[in-house]
Amino acid sequence: MAVPSNSGIEIKHLKTLCALAEQGSLAGAALTLNLTQSALSHQLKELETRLNLELYLRKSRPLVLTAAGSQLLGLARQVLPALAQTERQLHALHSGDAGRLHLALDCHSCIQWLLPLLPDFRRQWPGVDLEVESVPGFDALAALLGGQLDLLLTSDVQARGDLHFEPLFAFDLTLVMAPDHPFCHQHHIVPEDLKREVLLVYPVERARMDIFSRFLQPAGVEPARCKPVDNTSVMLQMAAAGLGVAALPRWASEEFVRQGMLCSRPLGNGIRRHMYGAVRSADREQTCLQSLLERIRSKMGNG
């Protein structure tokens, strides 16, 4: 049967055909659909007029569908289950019970506090496919807008309407060095102090490093040498061994400092940054996403 393109077949019509086939009568179908028999008859007549086809044999007991009605019934049995499944999936996405959460970290040392949060999160949201990209080698904001990412943890905010930057916590950047370094006797570090130092840095452009953009460059100071290190743990151990100094968020070094393997000092009067969760504006209320962001806030507090 070729259904006219302007047939106006609606979901309610497909449900009606299924009810007719299951109940075998107009009265039974009307009861199933919570309609009066008159309303159901009118609905069927209206559809037959649109299609210019009869859908069932009048006065048949039990009710018999015509060839046209049988073909529509076949369509209904394909479409309605698929529609119901899609509705369940959409509800699960909205509630956070299922879906994908692909996140990236625009921060080398963030993995240190993020990973311990994930086992409890995965237990709470077992239906969510969680992926973590540590310091992606691609344009993370473009990937976020393109749907390849769902969340970016970053301290860099860009004002744009299609992205929402959710405030998470504040953190301080400090300089860490070996416990026998002369800087340990100072109250704080000034830019000129680094003129004679090997500065351990992550292998990223200087514009993305606060130690340069917010401390050294405004003072016109250049360290004696920069040593790229792509791993936070290695960087901490190198600093502890006296092979250089490093500017890191307080959380990255606090355990080494607590054990006496490193000491830390503020940079100038202090460099405070804020961590944000960047998400697509349309997805900012997604339940599982908000659950993870709340876990981060609770874990990291204001430090």
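Read on for an overview of the structure. Quick caveat: nothing in here was measured; it's all calculated off a predicted structure.

1. Description of the packing of aromatic side chains
This model, assessed by the stated rule, comprises 5 aromatic pairs. A ring pair is formed by W113 and F169, whose centres lie 5.5 Å apart and whose planes are at 85°; its orientation type is edge-to-face. Residue W113 is located in helix α5 (residues 111–114), and its partner F169 is located in strand β6 (residues 163–177); the two are separated by 56 residues in the primary sequence. Here W113 and F169 have matching classes, each one buried. With a centroid separation of 5.1 Å and 65° between ring planes, the pair formed by F171 and W251 is classed as edge-to-face. Within this pair, whereas F171 is found in strand β6, its partner W251 is found in helix α10 (residues 250–258), the two being separated by 80 residues in sequence. Accessibility assignment for this pair places F171 and W251 in one class, buried. What links up through ring pairs into an aromatic cluster is the set W113, F169, F171 and W251. Positioned over the ring face of Y56 is R58, at 4.1 Å from the centre of the ring.

2. Quick word on helix α9 (residues 232–240)
Along α9, the residues that are buried comprise T232, M235, L236, M238 and A239. Angular distribution of buried residues about the axis of α9 spans 165°; they occupy a single face of the element. On its buried face, α9 sits against α5, β6, β7 (198–201), β8 (225–228), β9 (245–249) and α10. Residue N231 occupies the N-cap position of α9, its side-chain oxygen lying 2.9 Å from the main-chain nitrogen of S233.

3. As for the pattern of salt bridges
When charged atoms on two side chains of opposite charge get close, those side chains can pair. Summed over all chains, the structure comprises 18 salt bridges. Across the salt bridge formed by R273 and D210, the nearest N and O atoms sit 2.5 Å from each other. Pair noted here: R273 is in strand β10 (residues 263–280) and D210 is in helix α8 (residues 210–216), with a separation of 63 residues, a long-range link. With relative accessibility at 12%, the residue R273 sits in the buried group. Among the charged side chains, a network of salt bridges with common partners joins E10, K12, E46 and R50.

Procedures and definitions
- Residues numbered from 1 in each chain as written.
- Predicted model: local features only at pLDDT ≥ 70, side-chain atom pairs only at ≥ 80, totals over all residues.
- Heavy atoms only, no water.
- Phe/Tyr/Trp six-rings, centres within 6.5 Å; stacked < 30°, edge-to-face > 60°.
- Helix = DSSP H or I, 4+ residues; strand = E, 2+ residues; numbered from the N terminus.
- Buried < 20%, exposed > 50% of the residue type's maximum accessible area, 1.4 Å probe, protein only.
- Lys NZ or Arg CZ within 6 Å of the ring centre and 35° of its normal.
- Arc of directions from axis to C-beta.
- Contact = heavy atoms within 4.5 Å.
- Polar contact = N/O pair within 3.5 Å; in protein donor to acceptor, adjacent residues only side chain to side chain.
- Salt bridge = Lys/Arg side-chain N within 4 Å of Asp/Glu carboxyl O.

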